[in-house]
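Below, each chain spelled out in residue letters.
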Amino acid sequence: MTFIEQLRAAERQNRSLLCVGLDPEPTRFPGRLKGDANKIYDFCARIVDATADLVIAFKPQIAYFASHRAEGQLERLMEHIRRVAPQVPIILDAKRGDIGSTAEQYALEAFERYGADAVTLSPFMGFDSVAPYLKHEGKGAFLLCRTSNPGGADLQGQRLASVEGEPLLYEHVARLAQGPWNLNGQLGLVVGATYPAEIERVRALAPTVPLLIPGVGAQGGDAVATVRAGWREDAPIVVNSSRAICYASDGDDFAEAARREATRTRDGLEAAKG
Ligand SMILES: O=c1ccn([C@@H]2O[C@H](COP(=O)(O)O)[C@@H](O)[C@H]2O)c(=O)[nH]1
C-alpha cells in the first residue's frame, strides 16, 4: 500500500483526520515519569496505545528524541506503533533538506532505519534535494509550504517576480508539489492551521495532494476553519496536535486524558466536514 492509500484507509477505519504528534519533553512528563529521558519510549507508547483507534496518523518529531540521545527509543517506538496500530501511517517530522548525496542518507534514515511511511522536508534547496526521497516507492514526503509559525511569512510570503504570475513563494511551492515535482504522486504539503486563508489558497493551487496541517491545540489554530479550507473527499488532510494531547494532564492519568482530548479534537474535525 502506498502512503496515500494508507492515509485513506486510516481515515476511513478510524473516522479521523487527527494526527497525534509525539513531542516528548521529559520536563513536562507527568507523575513518576517527570524529568526522566529514559522514559521517552514509555511515555510515547502510552499515548499511542490510548489513541491508536482515533487517528489518521502519528507524527513523531525527531528533535525531541535526538536532543536526549533517544534515537534508540524512537526506533522502539516506531516498532511499537507498527505492532499495535499497523493500519496507522507514521510521518517522521524531520524537516530535512540537503544536497542529493546527503538527502539519500536522510531518506535511508527516515524510511529504513526508522521505517517511517512519510517524512517532512524543506524544499528550499530545490528539486534535487527532494528527488532522493521519491526513489523510495510508495513513501510520502510533505514539503514545508506555509508553516504555522508567525515568522513563516518572512520568506514564504515573498513575491517571486521571476516566476510567471508573480506568485508568493508558498504558492509556488504548492504549484510545484501539485505538478512538476510530484513525479509519482508521493508529495504533500505542510500548511499551518493558524492560517486558514492560506490553506484555502494552497488547496486551490494543489487540489489533490495531502496536506499536513499542524497548529491546532497549543498553537491556537481553528479546527473548523482548517477543515473547511482544506478537506476534500478525494484529498486527505492530516491535522496534527501534539502538546495539547500529550500533556492534557500532568498526573498519572495522562494517557486517559490524552484519549479524551484526542476524542474531542477528532470529533470536532469530523463534525466540521459538514
Ligand atoms: O509549520 C509547522 C510545521 C511543523 N510543526 C510541528 O508540528 C508540531 C506542533 O506541535 P503542537 O504542540 O501541536 O503545537 C511540532 O512538532 C512542530 O515541530 C509545526 O508546528 N508547524
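Structure shown above.
The sections below set out a description of the structure shown in this document. (Residues numbered from 1 in each chain as written. Predicted model: local features only at pLDDT ≥ 70, side-chain atom pairs only at ≥ 80, totals over all residues. Heavy atoms only, no water.)

### Comments concerning unusual backbone geometry
Moving on, step 1. The phi dihedral of Arg15 is positive, around 45°, even though this residue is not glycine.
Moving on, step 2. Within the element layout of this structure, Arg15 appears in the loop between helix 1 (3-14) and strand 1 (18-22).
Moving on, step 3. For Arg15, a relative accessible area of 53% corresponds to the exposed category.
Moving on, step 4. Positive phi, normally seen in glycine, also occurs at Arg69, with a value near 55°.
Moving on, step 5. Inspection of the secondary structure puts Arg69 in the loop between helix 3 (63-66) and helix 4 (71-84). (Helix = DSSP H or I, 4+ residues; strand = E, 2+ residues; numbered from the N terminus. Buried < 20%, exposed > 50% of the residue type's maximum accessible area, 1.4 Å probe, protein only.)

### Some words on the side chain of Arg266
Moving on, step 1. Inspection of the secondary structure puts Arg266 in helix 12 (residues 254-272).
Moving on, step 2. At a separation of 2.9 Å, a polar atom in the side chain of Arg266 contacts the side chain of Asp267. (Polar contact = N/O pair within 3.5 Å; in protein donor to acceptor, adjacent residues only side chain to side chain.)

### Some remarks on the environment of Asp267
Moving on, step 1. Residue placement: Asp267 occurs in helix 12.
Moving on, step 2. Spatially, the C-alpha atom of Asp267 lies 9.1 Å from that of Leu18, the residues being 249 residues apart in sequence.

### Overview of the site of the ligand
Moving on, step 1. In the neighbourhood of the ligand, 16 residues make up the surrounding shell, with Asp23, Ser148, Gln219, Ser242 and Arg243 lying closest.
Moving on, step 2. Lys59 is positioned with one of its side-chain polar atoms (N or O) 3.1 Å from an oxygen atom of the ligand.
Moving on, step 3. A distance of 2.8 Å is found between an oxygen atom of the ligand and a side-chain nitrogen or oxygen belonging to Gln219.
Moving on, step 4. Sorting the residues of the shell around the ligand by element identifies strand 3 (91-96) and strand 8 (237-241) as the ones contributing at least two each.
Moving on, step 5. A class-by-class count of the residues in the shell around the ligand yields 4 nonpolar, 7 polar and 5 charged. (Near = heavy atom within 4 Å. Nonpolar A, V, L, I, M, F, W, Y, C, P; charged D, E, K, R; others polar.)

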